[in-house]
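# Examining the three-dimensional arrangement
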Amino acid sequence: MRLTWVALLAALTLTTPAWACRQALVLALDVSGSVDGVEYQQQVTGLAFALSHPEIRAAILADVEQPVVLAVFEWSSQNHQYVILPWTQLDSVSALDGAIARIENHRKVRAGLKTALGTALGFGRALLQQQASCWRHTIDVSGDGPSNFGPTPHSIYARAFDRITVNALVVGNPKTASGEGRGIEPGALLEYFETEVIRGPGAFAMIANGYADYARAMKLKLAKELEPPIISEAGGLNRRPG
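These numbers come from a predicted model, not from an experiment. (Residues numbered from 1 in each chain as written. Predicted model: local features only at pLDDT ≥ 70, side-chain atom pairs only at ≥ 80, totals over all residues. Heavy atoms only, no water.)

### Description of the state of the cysteines
By definition, a disulfide links the sulfur atoms of two cysteines through a covalent bond. Short version of the rule: To count as a disulfide, a pair of cysteine sulfur atoms needs to be within 2.5 Å. A run of H or I in DSSP becomes a helix once it reaches four residues, and a run of E becomes a strand once it reaches two; helices and strands are each numbered from the N terminus. Exposure categories follow from relative accessible area, calculated using a 1.4 Å probe and restricted to protein chains: below 20% of the type maximum is buried, above 50% is exposed, and the middle band is partly exposed.
Applying the stated rule across the entire model yields one disulfide. Disulfide pairing is shown between cysteine 21 and cysteine 134; the S-S distance is 1.7 Å. Because the torsion about its S-S bond is 125°, the bridge between cysteine 21 and cysteine 134 counts as right-handed. Taken together, the positions of cysteine 21 in strand β1 (residues 21–30) and cysteine 134 in strand β4 (residues 134–143) put the pair 113 residues apart, joining distant regions of the chain. Just as cysteine 21 is buried, cysteine 134 falls in that class too.

Here is the structure:
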């Protein structure tokens, strides 16, 4: 049985303290050396498009009393994690529109060529620790290659990663300026993210066919992440399967 966020959180508050927000969502954008300026802009505009889609807007604004809070950062090497959008409560149309505008108007801050995925996940965890009163904690990480520098995702997960679900948007078949494909084969890259990166109840990875497909894939991914959990007929609370 499915419940709306309003009904679900009302039921939960009968037995638990009220939550300040229903979901804290961190979006992490890959700006490592494999991502050129055009591809980076496709990520930024793709994310703005996805957040602007009527289905996603409706999901975000479904319960403004216990809103979604959103933060966005870009990442590459161990020394580069740059916050594009600090924590923002998406509790009104104007708040959502303001967040979208800030994301859309951002320009990449170049710093480092490596892919320090573990460090990026640790940075996302630190951001989520600022939102302890939220019911769900989610990191949504985008990437077009495996980690090649710094701690691995698994080593980061060994350090207090409770209550956090990590989902991945895998960019397969990115193109060079000449139009040639580069990087690891998409199926193998998806398997890497499914095996080494995603974690937590209901975690999943979704693939985009190059950065030109980023907007479509991100919209589908956000729709899945923002769905309320399933309430079983027995009264149990379950996360939606990946």
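### A word on helix α8 (residues 214–225)
Going by this rule: How far a helix is expected to stretch is found by multiplying one less than its residue total by 1.5 Å. Should any heavy atoms of two residues lie within 4.5 Å, those residues are considered in contact.
Here α8 contains 12 residues, and its C-alpha end-to-end distance of 16 Å stays within 8% of the 16 Å for a straight helix at 1.5 Å per residue. All buried positions along α8 are accounted for by Tyr214, Ala215, Ala217, Met218, Lys219, Lys221, Leu222, Ala223 and Glu225. Elements in contact with the buried residues of α8: β1, α2 (37–52), α3 (54–60), β4, β5 (164–172) and β6 (205–209).

### Structural notes on the sheet that holds β1
The criterion, for reference: Note on pairing: two strands pair once DSSP finds at least 2 bridges between them. All axes here are fitted lines through C-alpha atoms, helices being fitted over the stretch that makes contact, and every angle between N-to-C directions spans 0 to 180 degrees.
The sheet built from six strands is open, its strands ordered β3-β2-β1-β4-β5-β6 with mixed pairing. Edge strands, defined here as strands with exactly one partner in the open sheet, are β3 (81–90) and β6. Strand-to-strand twist of the sheet, defined as the mean angle between neighbouring strand axes without regard to direction, takes the value 15°. Sheet analysis places β1 next to strand β2 (residues 68–75), joined by eight bridges and oriented parallel. For alanine 24, the partnering residue across the bridge sits in β2 and is valine 69. Running at roughly 160° to β1, α2 makes contact with β1, β2, β3 and β4 of the sheet.

Worth remembering: the numbers are spatial, not functional.
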